[in-house]
Structures are given as structure tokens and as C-alpha cells.
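Residues per chain, in single letters:
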Amino acid sequence: MRKIIQSILFLVVVLLSSCGDSVDYEYSSHRNFFTFHNETHQNPILASAMNPLSPGVYCIIRCSFVSGRHSFSFENNQGQKSDAPVWFNGIDLRLESWKHVGMNNGLIVGYGNLDNPSPFFAYDLQCPNCFDANVLPQRSCELKMSSDGIAVCSSCRRKYNLNTGGNVVAGESGKKLTRYRASSTGPYGVLGVN
């Protein structure tokens with residue numbers, strides 16, 4: 001009986017020791033809900049990132065409050081930006097899809113270019129190693145993108161590969177990019193991030 005108890009205690013210790021901080025989950029547990037109807041808005045910058053035929057093109061989506069109205073802005077890693085804010089319409093306001101756009105009102109979306117078929121990725125715009133949503137006042141640590149699918153934090157100088165799940169490829173080791181589940185029904189379809 002004693003050997004059975006020792007075996008059970010050994011198993012419990014082994015199982016508990018494997019659940020430390022080093023666990024790296026694929027998707028974030030942060031509550032994120034974003035739905036964008038590009039069939040209605042017809043934004044070509046976002047469409048470039050939602051096109052499975054153009055892998056490696058990523059788009060930053062920002063939600064902001066401009067001139068007393070909620071709006072979206074788009075910028076891709078090929079240097080194209082929205083000329084003007086995309087104002088919320090009745091569908092956007094009714095769905096309240098703008099309330100949880102990343103941890104600080106920003107996302108990066110696009111198809112990876114290393115696998116076939118290309119996976120569709122959605123990442124938080126904030127550096128996971130610098131940004132802390134629990135610290136007030138919040139200090140934004142937005143990532144910048146390069147045309148080759150690398151995101152860089154200007155604060156810690158880490159570089160993340162958007163094409164391989166957001167892993168650190170240069171700089172100090174650290175957490176991967178915060179990743180969300182995402183789907184796209186095509187360039188001028190519906191984008192869903194949760």
C-alpha cells in the first residue's frame with residue numbers, strides 16, 4: 001500500500017511541475033471579439049491581407065475615436081494606408097465588434113507565406129514582452145511591420161516572425177506574439193477574430 005501511495009505522490013509531483021510558467025499556449029485567453037464586414041466597407045488595404053492568394057501581406061487594424069465618431073484605420077506591411085478613417089456603420093455599432101479589438105485597440109492579420117495551405121493569423125498589435133494591460137497608466141508598445149513579415153518592438157527591439165506563429169527571431173528570448181483565433185471568408189468577405 002505504501003508503494004502505491006508513493007507512486008501516486010510521485011505522479012502528482014511530476015504532473016504539477018510540468019504546469020509552470022513555461023507553458024506557451026497557441027492562442028491567447030484574453031477576451032477579444034472583432035468582426036469586420038469588408039463586403040460592406042470594401043477596404044482594399046484590409047482586402048490585401050484577407051486574400052489567400054497573397055500570403056505574407058499583413059494588415060494592422062486600429063480602432064479609434066476620431067471627431068466624435070468611432071472608426072477603423074488600416075495599414076499593411078507593403079506601405080499602403082487607408083486615406084481616411086473607415087467610419088462605423090449600423091452593423092458595426094449593433095454587433096459591438098469594436099469593443100474588444102486586441103488589448104489596446106489594435107490587431108495584425110494576414111496569411112502566412114511558409115506553409116501550403118497558408119494559415120490565417122491574427123496577432124495583438126502590442127508587444128507581449130513590454131505591454132501590460134494591468135498597469136495604469138497603460139503604456140502602448142505597438143509593433144511595427146516590415147514588408148518581409150517581421151514585426152519589431154521599438155521598446156525592447158525584439159523581432160517576431162508573423163509567418164511562423166509570432167515567435168521571437170531576434171533580440172532577447174521572450175514570449176511569442178499574442179495570437180487569436182481568426183477566419184476570413186475572402187478579400188471582400190467577413191473577418192472574424194476571437
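Scroll up to find the structure this text is about.
Thresholds applied
- Residues numbered from 1 in each chain as written.
- Predicted model: local features only at pLDDT ≥ 70, side-chain atom pairs only at ≥ 80, totals over all residues.
- Heavy atoms only, no water.
- Phe/Tyr/Trp six-rings, centres within 6.5 Å; stacked < 30°, edge-to-face > 60°.
- Helix = DSSP H or I, 4+ residues; strand = E, 2+ residues; numbered from the N terminus.
- Buried < 20%, exposed > 50% of the residue type's maximum accessible area, 1.4 Å probe, protein only.
- Core = buried A, V, L, I, M, F, W, Y, C linked by side-chain atoms within 4.5 Å.
- Contact = heavy atoms within 4.5 Å.
- Pairing = 2+ DSSP bridges.

**Some points on the packing of aromatic side chains**
In step 1: A complete count under the given rule lists 7 aromatic pairs for this structure.
In step 2: On the numbers, 5.1 Å between centres and 90° between planes, the contact of F36 with F72 is edge-to-face. Here F36 is found in strand β1 (residues 34-37), whereas its partner F72 is found in strand β3 (residues 69-76), with 36 residues between them in sequence.
In step 3: Relative accessible area serves as the criterion here: at 0%, F36 is assigned to the buried category.
In step 4: Taking 5.6 Å as the distance between ring centres and 20° as the angle between the ring planes, the aromatic pair formed by F121 and Y123 counts as stacked.
In step 5: Overall, Y123 belongs to the buried group, its relative accessible area being 0%.
In step 6: Taken together, the aromatic side chains of F34, F36, F72 and F74 make up a single cluster linked through ring pairs.

**Observations concerning the nonpolar core**
Soluble globular proteins tend to pack their nonpolar side chains together in the buried interior.
In step 1: Formed by 21 residues in total, the largest nonpolar core has its most connected members in F34, L46, I61, F74, V109 and L191.
In step 2: Among the secondary structure elements, those contributing two or more residues to this core are β1, α3 (44-49), β2 (58-66), β3, β5 (106-111), β6 (120-124) and β13 (190-193).
In step 3: Each residue touching F74, except ones within four places of it in the same chain, is listed here: F36, N43, I45, L46, C59, I60, I61, Q80, K81, S82 and V86.
In step 4: Among the nonpolar cores identified, the runner-up in size contains 16 residues, and F121, Y123, C153 and L162 belong to it.

**Thoughts on the sheet that holds β3**
In step 1: Here 6 strands make up an open sheet; going across it, the order is β4-β3-β2-β5-β6-β11 and the pairing antiparallel. With partners counted over all chains shown, the strands left at the sheet margins are β4 (86-87) and β11 (179-180), one partner each.
In step 2: Bridge count for β2 against β3 is 8 bridges, and the pairing is antiparallel. Counterpart to I61 in the pairing with β3 is F74.

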